[in-house]
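Chain by chain, the residues run as shown.
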Amino acid sequence: MESKVMSIGVVCELTGLSERQIRYYEERKLIFPERTKGGNRRYSFEDVKAIQDIHQKMQEGFNTLELKEMKKSKTPRCTPVFR
């Protein structure tokens, strides 16, 4: 496991996403940054890759529940469920 040393600002620069989008993924329990004593989030390069994958899948039409299920089962799905 990699060290979690990057701030949310650095992750925003690397991914092109907003802080709000990244926090949303955390709220939905898709990513799990560490917190410093002061409460600041810290991310690893593995987290950045996961964030990029999550964003791509959401662009493809998957919802957060589907992404959680895929992560839990480790089984990739080819198509999202449309309602």
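Residues numbered from 1 in each chain as written. Predicted model: local features only at pLDDT ≥ 70, side-chain atom pairs only at ≥ 80, totals over all residues. Heavy atoms only, no water.

**Student:** Hey, could you run me through the side chain of T15 in this one?
**Tutor:** Among the secondary structure elements, T15 is positioned in helix 1 (residues 8-15). Polar side-chain contacts of T15 include one of 3.2 Å to the backbone nitrogen of L17. With sequence-adjacent residues up to four places away left out, T15 is seen in contact with I22, V48, I51 and Q52. (Helix = DSSP H or I, 4+ residues; strand = E, 2+ residues; numbered from the N terminus. Polar contact = N/O pair within 3.5 Å; in protein donor to acceptor, adjacent residues only side chain to side chain. Contact = heavy atoms within 4.5 Å.)

**Student:** Explain the nonpolar core here, please?
**Tutor:** Taken as a class, soluble globular proteins show a tendency for nonpolar side chains to be buried jointly. Formed by 16 residues in total, the largest nonpolar core has its most connected members in V11, I22, Y25, I31, Y43 and I51. Counting only elements with at least two residues in this core, the list comes to helix 1, helix 2 (19-27), helix 3 (45-59) and helix 4 (64-73). Other than its neighbours up to four places away in sequence, Y43 contacts S3, K4, V5, M6, S7, I8, V11, I22, E26, I31, P33 and I51. (Core = buried A, V, L, I, M, F, W, Y, C linked by side-chain atoms within 4.5 Å. Buried < 20%, exposed > 50% of the residue type's maximum accessible area, 1.4 Å probe, protein only.)

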